[in-house]
Amino acid sequence: MIIHFANETANPISIAGVLYTENAPLSNLTLAGIKEVKARAFIRCNSLQTISTDETLTTIGSEAFRACSALTTAELGEGVLTIGEKGFMGCESLAEIECRAITPPLLEDRYVFDYNAKERKIYVPTESVDAYITAEGWSKYADSITAIQ
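Residues numbered from 1 in each chain as written. Predicted model: local features only at pLDDT ≥ 70, side-chain atom pairs only at ≥ 80, totals over all residues. Heavy atoms only, no water.

We now examine the overall build of the protein chain. Per the secondary structure count, the protein chain includes 1 helix and 12 strands. In sequence order, the secondary structure elements of the protein chain are arranged as β-β-β-β-β-β-β-β-β-β-β-α-β. A total of 149 residues make up the protein chain; the buried ones form 47% of that total. Taking the contacts inside the protein chain whose residues are at least 6 apart along the sequence as the reference set, 40% of them involve residues at least 24 apart. Within the structure as shown, the protein chain displays about 7,200 Å² of accessible surface, and the carbon and sulfur contribution to it stands at 49%. (Helix = DSSP H or I, 4+ residues; strand = E, 2+ residues; numbered from the N terminus. Buried < 20%, exposed > 50% of the residue type's maximum accessible area, 1.4 Å probe, protein only. Contact = heavy atoms within 4.5 Å. Areas by Shrake-Rupley, 256 points an atom, 1.4 Å probe, with all protein chains shown as cover.)

As structure tokens, this is what we get:
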């Protein structure tokens, strides 16, 4: 199943609550016109494989995508300002994260990307690689950070 959440109104909305958990049949998620993914919205959505957001998303709440075991790819739009505590922690298959924000988003704790795939790569804008590598929180993942090709 592919889900596309889009808001066609002038005011972006939030995705709240636990929407899909355990083995809900959600494989690909595209968020467009959404300003915030609230805490624990997709926690343990074990069928979720990909996430893609547009530039309107600014906030990913605490544990929003925690322990999504099948998640392999997350493409975060340039508008992301904050990734909450343990936002992607325990996503053991997460091998590629593309964060298009020029300024490194605030990581609310030091566990945001812990327990991802062993060879995980975090792709960021070429001009921002040094900023990400030295940013608080991001520096922990310096060995994984590389320029978007």
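With that settled, the discussion passes to the environment of Leu76. By the element assignment, Leu76 lies in strand S7 (residues 73–76). Distance from Leu76 to Leu57, taken between C-alpha atoms, is 8.2 Å for residues 19 residues apart in sequence. Other than its neighbours up to four places away in sequence, Leu76 contacts Thr53, Ile60, Ile83, Phe88, Ile97, Glu98, Cys99 and Arg100.

In terms of nonpolar packing, the biggest core is built from 38 residues, with Leu48, Phe65, Ile83, Phe88, Phe113 and Trp138 touching the most fellow members. When neighbours within four sequence positions are excluded, Trp138 is seen to be in contact with Ile83, Cys99, Pro104, Pro105, Leu107, Phe113, Ile122, Tyr132 and Ile145. (Core = buried A, V, L, I, M, F, W, Y, C linked by side-chain atoms within 4.5 Å.)

What follows is about the side chain of Arg120. Mapped onto the elements of the fold, Arg120 is located in the loop between strand S10 (106–107) and strand S11 (121–124). Notably, Arg120 is buried but unbridged: the nearest opposite-charge side chain belongs to Asp114, and the N-O separation is 6.0 Å. Of note is the side chain of Arg120, whose polar atom sits 3.3 Å from the side chain of Ser144. If we skip the residues at most four places from it in the chain, Arg120 touches Leu94, Ala95, Ile97, Phe113, Tyr141 and Ser144. (Lys, Arg positive; Asp, Glu negative; His and termini not counted. Salt bridge = Lys/Arg side-chain N within 4 Å of Asp/Glu carboxyl O. Polar contact = N/O pair within 3.5 Å; in protein donor to acceptor, adjacent residues only side chain to side chain.)

Purely spatial values, then, with no claim about function.
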